[in-house]
Amino acid sequence: LLPKKVEAFAGQRVVAVSAGVYHSLAITADGAVFTWGKGEDGCLGHGEDLSNQLLPKKVEAFAGQRVVAVSAGVYHSLAITADGAVFTWGKGEDGCLGHGEDLSNQLL
């Protein structure tokens, strides 16, 4: 297969991406976060909407914040905002979300 441009980002400048096993994240130049892929376990960050996303969808939970870094795990995701805050969401087994709990999932 050949690489194909993600047309959903036409007119936007993507500055960072991260790929998990079943989902992906991207940051645009304005600090917005977009996710797509398998939505099970809340790893896409769209709240109660656990459906799969075939196209990049903006994570509205970061409205008003500038995200500077993202990382995708197998079933969870992480983001760092410009002020240094760390956010985690998705499947939190074995404490991987850093909230001091063994959560089945943490919705953003």
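Our subject is the structure listed above.
Cut-off values and rules
- Note on numbering: residues in each chain are counted from 1, in written sequence order.
- Selection of residues for local features in this predicted model requires a pLDDT of at least 70, selection of side-chain atom pairs for listing and counting requires 80 or more, and totals for whole chains, interfaces and linings are taken over all residues.
- Excluded from the side-chain calculation are hydrogens and water; included are all heavy atoms of the structure.
- Two aromatic rings, drawn from Phe, Tyr or Trp (for Trp, its six-membered ring), form a pair once their centres lie within 6.5 Å of each other, and the interplanar angle then sorts them: stacked below 30 degrees, edge-to-face above 60, tilted otherwise.
- Helix and strand definitions here come from DSSP, where helices need a minimum of 4 consecutive H or I residues and strands a minimum of 2 consecutive E residues; each element is numbered from the N-terminal end.
- For the exposure calls, accessible area comes from a 1.4 Å probe over protein chains only, and a residue counts as buried if that area is under 20% of its type's maximum, exposed if over 50%, partly exposed in between.
- Placement of a positive charge over a ring is assigned whenever Lys NZ or Arg CZ falls within 6 Å of the ring centre and within 35 degrees of the normal to the ring plane.

Caption draft 1: Molecular detail of the packing of aromatic side chains. All chains considered together, the criterion is met by 5 aromatic pairs. Between Phe-9 and Phe-34, the ring centres sit 5.5 Å apart and the planes meet at 85°, which makes this aromatic pair edge-to-face. With Phe-9 in the segment before β1 (14–19) and Phe-34 in strand β3 (residues 33–37), this pair connects stretches of sequence that are 25 residues apart. In this pair, the class of Phe-9 matches that of Phe-34, namely buried. Ring geometry for Phe-62 and Phe-87: centres 5.3 Å apart, planes at 85°, overall edge-to-face. Linking Phe-62 in the loop between β4 (53–58) and β5 (67–72) with Phe-87 in strand β7 (residues 86–92), this pair joins segments that are 25 residues apart in sequence. On the basis of relative accessible area, Phe-87 is assigned to the partly exposed category, the value being 26%. Every member of this aromatic cluster is reached through a ring pair, and the members are Phe-9, Phe-34 and Trp-36. Here Lys-38 stacks its cationic end above the ring of Tyr-22, 4.8 Å away from the centre of that ring.

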